[in-house]
Amino acid sequence: MRRWLLGPDGALGARLTVAALAAAILLVPFMLLLVLVKNTFTPLYRLDQGVAADLHGFALQHPAFADVMRFITDALAPETWRVLVGGAAVYMVLRGAPRLAIWAVTTVIVGGVIGLAVKVAVERARPMLPDPVSWAPGWSFPSGHALNAALGAVTLVLVLLPVLHGVWRVVAWVLAGLVSVTVAFTRVALGVHWVSDVVAGMILALVVVAATAAGFEAWRRRMGRRPIEPHLEGIEPEIVAPNGKGEPR
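Residues numbered from 1 in each chain as written. Predicted model: local features only at pLDDT ≥ 70, side-chain atom pairs only at ≥ 80, totals over all residues. Heavy atoms only, no water.

**With respect to the overall build of the chain**
Check the secondary structure of the chain and you find 10 helices and 0 strands. Traced from its N-terminal end to its C-terminal end, the chain shows the element sequence α-α-α-α-α-α-α-α-α-α. Relative to its 249 residues, the chain shows a buried fraction of 45%. Taking contacts inside the chain between residues at least 6 apart in sequence as the whole, the part at least 24 apart equals 71%. (Helix = DSSP H or I, 4+ residues; strand = E, 2+ residues; numbered from the N terminus. Buried < 20%, exposed > 50% of the residue type's maximum accessible area, 1.4 Å probe, protein only. Contact = heavy atoms within 4.5 Å.)

**With respect to the side chain of threonine 212**
On the secondary structure map, threonine 212 appears in helix 9 (residues 195-222). Of the residues examined, threonine 212 reaches a relative accessible area of 18% and is grouped as buried. A polar contact is formed between the side chain of threonine 212 and the side chain of tryptophan 103, at a distance of 3.1 Å. With near-sequence residues (within four places) excluded, threonine 212 lies in contact with Trp103 and Thr107. (Polar contact = N/O pair within 3.5 Å; in protein donor to acceptor, adjacent residues only side chain to side chain.)

**Remarks on helix 9**
For helix 9, with 28 residues, the first-to-last C-alpha span of 42 Å sits near the 40 Å given by 1.5 Å per residue. With 21 of 28 residues buried, helix 9 is to be regarded as a mostly interior element. Count one or two residues on from helix 9 and you reach glycine 224, which has phi positive near 80°. (Expected span 1.5 Å × (residues − 1).)

**Regarding the nonpolar core**
Residues Phe30, Met92, Leu100, Trp103, Phe141, Leu158 and Ile235 are the most contacted members of the largest nonpolar core, which totals 45 residues. For phenylalanine 141, the residues in contact, after removing those within four places along its chain, are Phe30, Leu33, Leu34, Val37, Val118, Lys119, Val122, Arg124, Ser196, Asp197 and Ala200. The next biggest cluster of nonpolar side chains, apart from the first, holds 15 residues, and it includes Phe65, Ala136, Ala184 and Val188. (Core = buried A, V, L, I, M, F, W, Y, C linked by side-chain atoms within 4.5 Å.)

**Focus on the environment of valine 207**
Along the chain, the position of valine 207 falls in helix 9. C-alpha of valine 207 to C-alpha of valine 28: the two residues are 179 residues apart in sequence and 9.8 Å apart in space.

**What about a nonpolar patch on the surface?**
Residues Val167, Trp168, Val170, Val174, Leu175 and Leu178 make up a contiguous nonpolar surface patch of roughly 620 Å² in combined accessible area. Within the fold, valine 174 resides in helix 8 (residues 167-189). (Patch = residues over 30% accessible without salt bridge, like charges linked within 9 Å, V, L, I, M, F, W, Y side chains within 5 Å. Areas by Shrake-Rupley, 256 points an atom, 1.4 Å probe, with all protein chains shown as cover. Salt bridge = Lys/Arg side-chain N within 4 Å of Asp/Glu carboxyl O.)

**Examining the pattern of salt bridges**
One pass over the full model with this rule turns up 3 salt bridges. One salt bridge in this structure joins arginine 70 and aspartate 67, with 2.5 Å as the shortest N-O distance. Placement of both arginine 70 and aspartate 67 in helix 4 (residues 63-75) is noted, with a separation of 3 residues, approximately one turn of the helix. Exposure remark for aspartate 67: the relative accessible area of 43% places this residue in the partly exposed category. Ionic pairing is found between aspartate 197 and arginine 124, a salt bridge with its closest N-O pair at 2.8 Å. Residue aspartate 197 is located in helix 9, and its partner arginine 124 is located in the loop between helix 6 (98-122) and helix 7 (144-160); the two are separated by 73 residues in the primary sequence. For arginine 124, a relative accessible area of 14% puts it in the buried group. A cluster of three or more residues bridged by salt bridges with shared partners is formed by Asp48, Arg124 and Asp197.

**Regarding the packing of helix 6 against helix 9**
Two elements in contact, helix 6 and helix 9, have axes separated by 10 Å at closest approach and are oriented at 145°. In this structure, the crossing between helix 6 and helix 9 has a hand that is right-handed. In this structure, helix 6 uses Arg99, Leu100, Trp103, Thr107, Val110, Gly111, Ile114 and Gly115 to contact helix 9, whose residues at the interface are Leu204, Val208, Val209, Thr212, Ala213, Phe216 and Trp219. Its residues assigned to classes, the contact of helix 6 with helix 9 shows 10 nonpolar, 4 polar and 1 charged. (Axes fitted to C-alpha atoms, helices over the stretch in contact; angles between N-to-C directions. Left-handed = near helix turned anticlockwise from the far one by under 90°. Nonpolar A, V, L, I, M, F, W, Y, C, P; charged D, E, K, R; others polar.)

Laid out in structure tokens, this is it:
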């Protein structure tokens, strides 16, 4: 037992346990939001209604603002992120990292499917505002745009971190955060989602990425690769190996 705990298998178990706990911790606020939404928790209801009314009033008074919000939300729609991740997957295959490509595509697909399943289960109505500046079909919780933007942005950063260095890694994470929050804001500003919808979407995206990253780390360790910190080095740092084929250094 002592040898196992101190050996590579023990290290793997510890890392996967930490990853699982991180995913579970992230899942707590999502589940809390879900319960509050399903039970129409008054403070949350008032917050959602108040922010929606204020932003809707501003959008009606400033048509240019609404136009910018529509442009951003359309340009960074879920389809855009699927194309970007798909392009990154092709790049990864060419670099000799097909399993990393599978991880990226799987993460985006699984996250999207879970988001749709939750929408159907919760059946929350979208905001009904006078003189709407935009329209969207389907249920409201969680926001698909916010979910997919966060999924896509974080996935791309984790894929590209190995080819980034120094301050550029920090810049990549900052940009991913800004893009995710911006997309989420456009959905509320256009009156097609509540604040709690977009917050839930972003949290769910982080839960999915944490879970799939833990699974990929398990595969890495079974292949005898060194332990890594994905948020610092990326999911598979070996894609920058000197031979260019993604093999361990």
